[in-house]
Amino acid sequence: MRILLLASAFNSLSQRLHAELRDRRHTVDFQLAGDDDELVDAVDRLRPDLVLAPMLRTAIPQDVWSEFTCLIVHPGPPGDRGPSSLDRAIQDGRTEWGVTVLQAEAEMDAGPVWAWAPCRLPARGKSDLYRNEVSDAAVAATLLAVERVASGAYVPQPQHGPGWREAVRTRPFLRQQERRIDWAGDSTEAVLRRLRAADSQPGVLDTLCGGEWYLHGGHREPVLRGRPGELLATRAGAVCRATPDGAVWIPELRRRRTPGGPATFKLPAVTALGALLPPLPEAAAPLVPGEHEGPAWSDIRYREDGPVGFLRFSFPGGAMSTDHCRRLLAAYRFAAARPTSVLVLGGGRDFFSNGIHLNVIEAAPDQAAESWANITAMDDLVGEVLTTTDRLVVAAVAGNAAAGGVMLALAADEVWCRGGSVLNPHYRLMGLYGSEYWTYTLPRRVGAAAAERLTRQALPVSASAAERTGLVDRVLDCGPEEFGPSAARLAGLLAASPATQHRITAKKAAREADERAKPLDAYREEELAVMRRQFFTPESPYHALRSAFVRKCPAPAGPAART
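Residues numbered from 1 in each chain as written. Predicted model: local features only at pLDDT ≥ 70, side-chain atom pairs only at ≥ 80, totals over all residues. Heavy atoms only, no water.

Novice: How should the overall build of the chain be read in this particular structure?
Specialist: A count of helical and extended segments in the chain gives 20 helices and 25 strands. Computed over C-alpha atoms, the radius of gyration of the chain comes to 24 Å, within 12% of the 24 Å expected from 2.2 N^0.38 for 563 residues, which places it in the range of a compact globule. Each principal axis of the C-alpha distribution contributes one length, and for the chain these read about 65 × 60 × 50 Å. By the burial criterion, 57% of the 563 residues in the chain qualify as buried. Across the chain, the fraction of contacts at a sequence separation of at least 24, relative to all contacts at a separation of at least 6, is 69%. Surface exposure of the chain reaches about 23,600 Å², of which carbon and sulfur atoms provide 52%. Computed over 66 positive and 67 negative side-chain charges, the inter-centroid distance for the chain is 1 Å. (Helix = DSSP H or I, 4+ residues; strand = E, 2+ residues; numbered from the N terminus. Rg over C-alpha atoms; globule rule 2.2 N^0.38 Å. Buried < 20%, exposed > 50% of the residue type's maximum accessible area, 1.4 Å probe, protein only. Contact = heavy atoms within 4.5 Å. Areas by Shrake-Rupley, 256 points an atom, 1.4 Å probe, with all protein chains shown as cover. Lys, Arg positive; Asp, Glu negative; His and termini not counted. Charge placed at Lys NZ, Arg CZ, Asp CG, Glu CD.)

Novice: I tried to follow the sheet that holds strand S15 (residues 252-255) on my own but got confused; where do I start?
Specialist: Across the sheet, four strands lie side by side as S9-S10-S15-S16; this open sheet has antiparallel pairing. Two strands lie at the open edges of the sheet, namely strand S9 (204-208) and strand S16 (267-268), each paired on one side alone. The pairing of strand S10 (residues 211-216) with S15 spans four bridges and is classified as antiparallel. Among the inter-strand pairings, Leu-215 is bridged to a residue of S15, identified as Leu-253. (Pairing = 2+ DSSP bridges.)

Novice: Looking at this structure, how should I read the packing of aromatic side chains?
Specialist: Two aromatic rings, taken as a pair, are described by how far apart their centres are and by the angle between their planes. Across all of its chains, the model carries eleven aromatic pairs by this definition. The interplanar angle of 70 degrees and the centroid separation of 4.7 Å between the aromatic rings of Phe-10 and Phe-30 together place this pair among those described as edge-to-face. Pair noted here: Phe-10 is in the loop between strand S1 (2-7) and helix H1 (12-23) and Phe-30 is in strand S2 (residues 27-32), with a separation of 20 residues, a long-range link. Each member of the pair, Phe-10 as well as Phe-30, is classed as buried. Ring geometry for Trp-249 against Trp-297: centres 5.9 Å apart, planes inclined by 35 degrees, an arrangement best described as tilted. A residue pair is termed long-range when its members are at least 10 positions apart, and Trp-249 in strand S14 (residues 246-250) and Trp-297 in the loop between helix H9 (269-273) and strand S17 (300-305) qualify at 48 residues. (Phe/Tyr/Trp six-rings, centres within 6.5 Å; stacked < 30°, edge-to-face > 60°.)

Novice: Any chance you could explain the nonpolar core here in plain terms?
Specialist: Counting 87 residues, the largest nonpolar core has Leu-253, Leu-311, Val-397, Leu-408, Leu-423 and Leu-442 as the members making the most contacts within it. Ranked by the residues each element gives to this core, the list is headed by helix H12 (residues 367-386), at seven residues. Not counting the four nearest positions on each side in its chain, Leu-423 is found in contact with Val-397, Ala-401, Val-406, Cys-417, Leu-459, Pro-460, Val-461, Ala-466, Leu-471 and Val-472. In terms of nonpolar packing, the next biggest core, distinct from the first, is built from 37 residues, Leu-13, Phe-30, Leu-71 and Ala-145 among them. (Core = buried A, V, L, I, M, F, W, Y, C linked by side-chain atoms within 4.5 Å.)

Novice: What exactly am I supposed to notice about the sheet that holds strand S12 (residues 231-235) here?
Specialist: Across a sheet, strands are paired by hydrogen bonds formed along the backbone, either parallel or antiparallel in direction. On the basis of which strands lie adjacent, the open sheet formed by four strands has the order S11-S14-S13-S12 and antiparallel pairing. The open sheet is flanked by strand S11 (219-221) and S12, the only strands paired with a single partner. Looking at each pair of strands side by side, their axes are set apart by 30 degrees on average, direction ignored. Here helix H8 (residues 188-196) sits on the sheet and contacts S11, strand S13 (238-243) and S14; the angle it forms with S14, its principal contact strand, is near 20 degrees. (Axes fitted to C-alpha atoms, helices over the stretch in contact; angles between N-to-C directions.)

Novice: Can you help me understand H1 in this one?
Specialist: The α-helix advances 3.6 residues per turn, and as a result positions three or four apart in sequence lie on the same side. For H1, with twelve residues, the first-to-last C-alpha span of 16 Å sits near the 16 Å given by 1.5 Å per residue. Listed in full, the buried residues belonging to H1 are Ser-12, Leu-13, Ser-14, Gln-15, Arg-16, Leu-17, His-18, Ala-19, Glu-20 and Leu-21. (Expected span 1.5 Å × (residues − 1).)

Novice: Even after reading the chapter, I still don't get the environment of Arg-193, so can you show me in this structure?
Specialist: Mapped onto the secondary structure, Arg-193 falls in helix H8. Sequence separation of Arg-193 and Ala-123 is 70 residues, and the distance between their C-alpha atoms is 8.1 Å. Excluding anything up to four places from it in sequence, Arg-193 contacts Ile-90, Gln-91, Asp-92 and Gly-93.

Novice: Is there a simple way to think about the pattern of salt bridges in this case?
Specialist: Opposite charge on two side chains permits pairing when their charged atoms draw close. Taken as a whole and judged by the stated rule, the model has 40 salt bridges. Salt-bridge contacts for Glu-107 lead to Arg-81; the nearest nitrogen and oxygen are separated by 3.3 Å. Residue Glu-107 is located in the loop between strand S6 (96-103) and strand S7 (113-120), and its partner Arg-81 is located in strand S5 (residues 80-81); the two are separated by 26 residues in the primary sequence. Here Glu-107 falls in the partly exposed class, since its relative accessible area comes to 48%. The salt bridge involving Arg-194 is made with Asp-186; its shortest N-O contact spans 3.7 Å. Residue Asp-186 is classed as buried on the basis of its relative accessible area of 16%. One network of salt bridges, in which partners are shared, links Arg-16, Glu-20, Arg-24, Asp-136 and Arg-418. (Salt bridge = Lys/Arg side-chain N within 4 Å of Asp/Glu carboxyl O.)

Novice: In this structure, what is going on with a negative patch on the surface? I would like to understand it.
Specialist: Taken together, Asp-35, Asp-36, Asp-37, Glu-38, Asp-41 and Asp-63 make up a surface patch of like negative charges. Of all the elements, helix H2 (residues 36-46) adds the most residues to the negative patch, at four residues. On the basis of relative accessibility, which here comes to 45%, the residue Glu-38 falls in the partly exposed class. (Patch = residues over 30% accessible without salt bridge, like charges linked within 9 Å, V, L, I, M, F, W, Y side chains within 5 Å.)

Novice: How do you make sense of the pairing of strand S18 (residues 308-313) when you look at a structure like this?
Specialist: Successive residues of a regular strand alternate their side chains across the two faces of the sheet. Where burial is concerned, most of S18 is hidden: five out of the six residues are buried. As judged from the six bridges shared by S17 and S18, these two strands associate in the antiparallel manner. Following the sheet pairing, Asp-305 is matched in S18 by Val-308. Hairpin remark: S17 followed by S18, antiparallel, with two residues in the connecting loop; positive phi at Gly-306, about 60 degrees. Examined bridge by bridge, S18 and strand S19 (residues 342-346) share four bridges and lie parallel to one another. Residue pairing across strands places Phe-310 opposite Val-344, the latter belonging to S19. What joins S18 to S19 is helix H10 (residues 322-336), and the crossover it makes is right-handed. (Right-handed = clockwise from strand over helix to strand, strands pointing away.)

Novice: Got a minute to help me understand the packing of helix H14 (residues 438-446) against helix H15 (residues 448-457) in this structure?
Specialist: The description of two helices packed together rests on the angle between their axes and the distance between the axes. Packing of H14 against H15 brings their axes to within 7 Å, and their N-to-C directions diverge by 120 degrees. Every pair of crossing elements has a handedness; the one defined by H14 and H15 is right-handed. Note on element contacts: H15 touches H14 through Ala-448, Ala-450, Ala-451, Leu-454 and Thr-455, opposite Trp-438, Leu-442, Pro-443 and Val-446. Here the contact of H14 with H15 is composed, by residue class, of eight nonpolar, one polar and no charged. (Left-handed = near helix turned anticlockwise from the far one by under 90°. Nonpolar A, V, L, I, M, F, W, Y, C, P; charged D, E, K, R; others polar.)

Written out as structure tokens, the structure reads:
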């Protein structure tokens, strides 16, 4: 079928469906929502068999839904209506939820149901759930709905009647008044639910250090205590704030926008507060926690299970600042000095990495210099992985990865992906040539022609398509909660295999041969020569594209350009 993908942004779910539908040989076009005249022109020109809206902030005009079959992917079970469905489910503490694919009609979210799929809601942030459990359910329901549309025989079911367990209810937009935290009265669990329900957008509006800020993300602190609402400590850029019965870590803040002022954006909490932050102790979490430390939050952790080492990291939004890269490099060097034969890099449940931290760069007084510091720190990390020759390194990619984050994974000997992962192995949409040794690792895996196509087309790649092309070695068809244990089990089998020592020996010889043919430093210098020009030339497209991306403003070229 010819499918027009209509979305308010080319977000994670839109990208995954774009890739999944192309894998099934549908012709997929993309249209950015917002201008009704442009949409009407697009459907008149393309005459799609189906209009599919996986993420939509505005209504589809009647001129379109009355003539074409238009399906809405709604992040709630049948009968649940309203623009804050998932937010409310998380804030209310729901553990079971669903995704419904329904037909667009005059009344929002009220059309008949073409398909739906249930999903669990573990105690995670909204954006994490949206990219994982909710995304899995959305893809399952959408692919079933597409099959039913293609059959021409299925009759969609109304949202009321004896076939549904839940009654129809329409709930309003979840406003900041309902999200607000009462630091003196709300329990730690209640605070965490509010923070998780707003972790990426819109955040929870609050007062902190004399200013108004949106709080983004939240993790439980098991030990530190203080006066409710008081800031207690910092850790890895996050701040710890006391509740009546505990404390929570808040990784990111966004300053409230002043009327008529420029758009604001998320930053590590310590960076955002800057000089406003009072003197606080840095409560660093140990890289290798002991049993007595309890489940303390940390963005980098290491553990061992016999001959296998596991270095996990989780940075908000998958973005890696200069500081993130340097701390992860130090942790990697520690892990690489341990007596293991297999080292698993990653293995969490959300983003693997999206490369350099554009928000931190945008906030820097010298954006070009910070861009340079960030990319060279990424290169240092990737180079360390590439030159590890005394063990096998596995990149365990549980969630999405993009740009330099994909190249970080490709530096490993094997790349294992969860089936729901989406990879964007390119830099072009940010106006960059790219570094992280991609001119060595990407052609080595997929060939020169495929590497050129991937970086030029700049389209999302599904996990299954990545496996077919050799971009990844193994796809684990499991849920997000099962990926880490599954990867650990496979890593144990890899370490126990008699062939592993032979592979390590062959790996060292291959690296030496490649180094003789062309040193890694040569790849790095060639890439960085181009990147330097792009960073330090004021009129470089990178600066305008980065600023538009960070501030969520219209970019010079939108996602429609890549389909």
